[in-house]
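# Descriptive structure summary
Here are the chains, one letter per residue:
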Amino acid sequence: MPPFSRLMFQPQPPMTLITGNTWSHEIAPDGAFVRAATGFRGQVSRAPGAAHAPAAGRYHLYVSLACPWAHRTLIVRALKGLEDVISVDVVHPHLTDAGWSFDTGFEGATGDRVGGLAWLQQVYRRADPAYAGIVTVPVLWDRQFSTLVNNESSEIIRMLNTEFDAWARHPEVDLYPAALRGDIDAANGWIYPAINNGVYRCGFARSQAAYDEAVDELFAALDRAEALLAGRRWLCGDQATEADVRLYTTLIRFDSVYHTHFKCNRRQVAQYPALHRHTARVHRLPGVAATLDQDHIRHHYYHSHRHLNPGGIVPAGPDVTGPLMALPLD
Ligand SMILES: N[C@@H](CCC(=O)N[C@@H](CS)C(=O)NCC(=O)O)C(=O)O
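Definitions and cut-offs
Residues numbered from 1 in each chain as written. Predicted model: local features only at pLDDT ≥ 70, side-chain atom pairs only at ≥ 80, totals over all residues. Heavy atoms only, no water. Pairing = 2+ DSSP bridges. Helix = DSSP H or I, 4+ residues; strand = E, 2+ residues; numbered from the N terminus. Buried < 20%, exposed > 50% of the residue type's maximum accessible area, 1.4 Å probe, protein only. Polar contact = N/O pair within 3.5 Å; in protein donor to acceptor, adjacent residues only side chain to side chain. Contact = heavy atoms within 4.5 Å. pLDDT = per-residue confidence, 0-100. Domains from an automatic or database assignment. Buried area = accessible area lost by both parts, 1.4 Å probe. Salt bridge = Lys/Arg side-chain N within 4 Å of Asp/Glu carboxyl O. Nonpolar A, V, L, I, M, F, W, Y, C, P; charged D, E, K, R; others polar.

### Examining the pairing of strand β4 (residues 147-150)
Where strand β3 (residues 139-142) meets β4, three bridges bridge the pair, whose relative direction is antiparallel. Residue pairing for β4: Trp 141 is matched across the bridge by Leu 148. In sequence, β3 turns back onto β4 through a hairpin of four residues, with Ser 146 there showing a positive phi of about 45°.

### Re the pairing of β3
In β3, alternate side chains face the same way, and those of Val 139 and Trp 141 on one face and Leu 140 and Asp 142 on the other are all buried. Pairing between strand β1 (residues 59-63) and β3: four bridges, direction antiparallel. Across the sheet, His 60 pairs through a bridge with Trp 141, a residue of β3.

### Brief notes about unusual backbone geometry
Between Val 137 and the following residue, Pro 138, the backbone shows a cis peptide bond with an omega angle of 0°. On the secondary structure map, Pro 138 appears in the loop between α3 (120-127) and β3. Positive phi, normally seen in glycine, also occurs at Ser 146, with a value near 45°. Its place among the elements puts Ser 146 in the loop between β3 and β4. For Lys 263, which is not glycine, the phi torsion reads 60° and is therefore positive.

### Things to note about the side chain of Thr 73
Relative to the helices and strands, Thr 73 resides in helix α2 (residues 68-80). From its side chain, Thr 73 meets the backbone oxygen of Ala 70 in a polar contact 2.6 Å long.

### Some words on the environment of Val 320
With respect to the secondary-structure elements, Val 320 resides in the loop between α10 (294-304) and α11 (321-326). C-alpha of Val 320 to C-alpha of Ala 168: the two residues are 152 residues apart in sequence and 30 Å apart in space. Excluding residues within four positions of it along the chain, Val 320 makes contact with Ile 252, Asp 255, Ser 256 and Gln 294.

### Considerations on α10
Burial within α10 is extensive, with eight of its 11 residues counted as buried. Within the sequence span of α10, burial applies to Gln 294, His 296, Ile 297, Arg 298, His 300, Tyr 301, Tyr 302 and Ser 304. On its buried face, α10 sits against α2, β2 (87-90), α6 (198-204) and α8 (242-261). Where α10 starts, the residue carrying a side-chain oxygen 3.0 Å from the main-chain nitrogen of Asp 295 turns out to be Asp 293.

### Examining the confidence of the model for the protein
Summary statistics for the protein give a mean pLDDT of 91 and a share of 91% for residues scoring 70 or more. This stretch, residues 1-14, has a pLDDT under 50; its non-local contacts, to residues over four places away or in other chains, come to 22 contacts.

### As for the domain arrangement of the protein
When the parts come together, some accessible area is lost, and that loss is often what is quoted as the size of the interface. When its domains are assigned, the protein resolves into domain 1 (14-162) and domain 2 (178-285). One C-alpha centre belongs to domain 1, the other to domain 2, and the line joining them spans 24 Å. For the domain 1 and domain 2 pair, buried surface summed over both sides reaches about 1,700 Å², with 61% attributable to carbon and sulfur atoms. In terms of surface lost to domain 2, no three residues of domain 1 exceed Phe 33, Pro 68 and Arg 72, which account for 28% of the buried area on that side. Inspection of the region where domain 1 meets domain 2 yields two salt bridges. Notably, a salt bridge pairs Asp 185 with Arg 158, separated by 3.5 Å at the nearest N-O pair. Taken together, the connections running from domain 1 to domain 2 amount to eight residue pairs in polar contact (both at pLDDT 80 or more). Counting residues per element, the ones that place at least two in the side of domain 1 that touches domain 2 are α2 and α4 (153-162). Looking at which element gives the most residues to the side of domain 1 that touches domain 2, the answer is α2, with six residues. Residue composition of the side of domain 1 that touches domain 2, by class: 12 nonpolar, three polar and four charged.

This is the structure we're talking about:
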């Protein structure tokens, strides 16, 4: 593999920035928010002859600390102990008309330390100069081939879970164990549309009917999760799995953002005893709390979606993590 320095700062062709946020053109005629499919679906694989073989130092994640989908990848990286194996760059929390930027003018925004680019869309077009699709985080980047491997978080976390065990500090952690795969897929099957994506369907709805449907489904699913977790610690089996991680990244943003900004306001997570305990349980797994940045989260949502919050004022609270750390867990 060539040293990283040879791959850095290669001259880039001049690029015209494409403008227009994804969320603004993902609205169906009935006013419902319909998430677009993800474009890059390559796989890092240990299989002989695979194009993207796992290796330490070869792969890089571009994330936003605000984004619940990118947050999944940071949590799995931490739980597996892959911090020294897979590097990370963090975009500026404000999503602009030209998408995510590598502006470093916000605490924790790193810039693009791989390619030295200014905008995430340039990373996409470095991989595919004709790319004109949606530009989202997370991105799994292959430094060796200077290309984008995958931009679908549900697939990236599976690769991190299994393909890098030779270098992981915690190869024993398995978030998608064979014996629980059916249960995990089933849990993801209702939690994704109604909760993970459900909060966006509430927030980005452009008609009352679309909002009403999304908010009913969201709170029915939260009630279902509450009932399930009243009798058990984890969603599937007796261990933490990716299903718990995926629920957590939405619930940890719920009371500070989705409840207010996306009008998911029938109840707060703190009012659901079992969901609140579950959120605390995941938050207190080793390494997880350090992946959470409430400043990036609040500044991203309240500042970026001006059609929902025209003044861009970022609210002060609530303190979500203090109560989570104080909650007694058995
Ligand atoms: N299916 C993708 C969704 C990723 C996604 O929607 N990310 C949002 C941030 S939370 C994004 O980058 N949006 C850019 C935009 O709307 O322009 C995944 O799970 O990886």
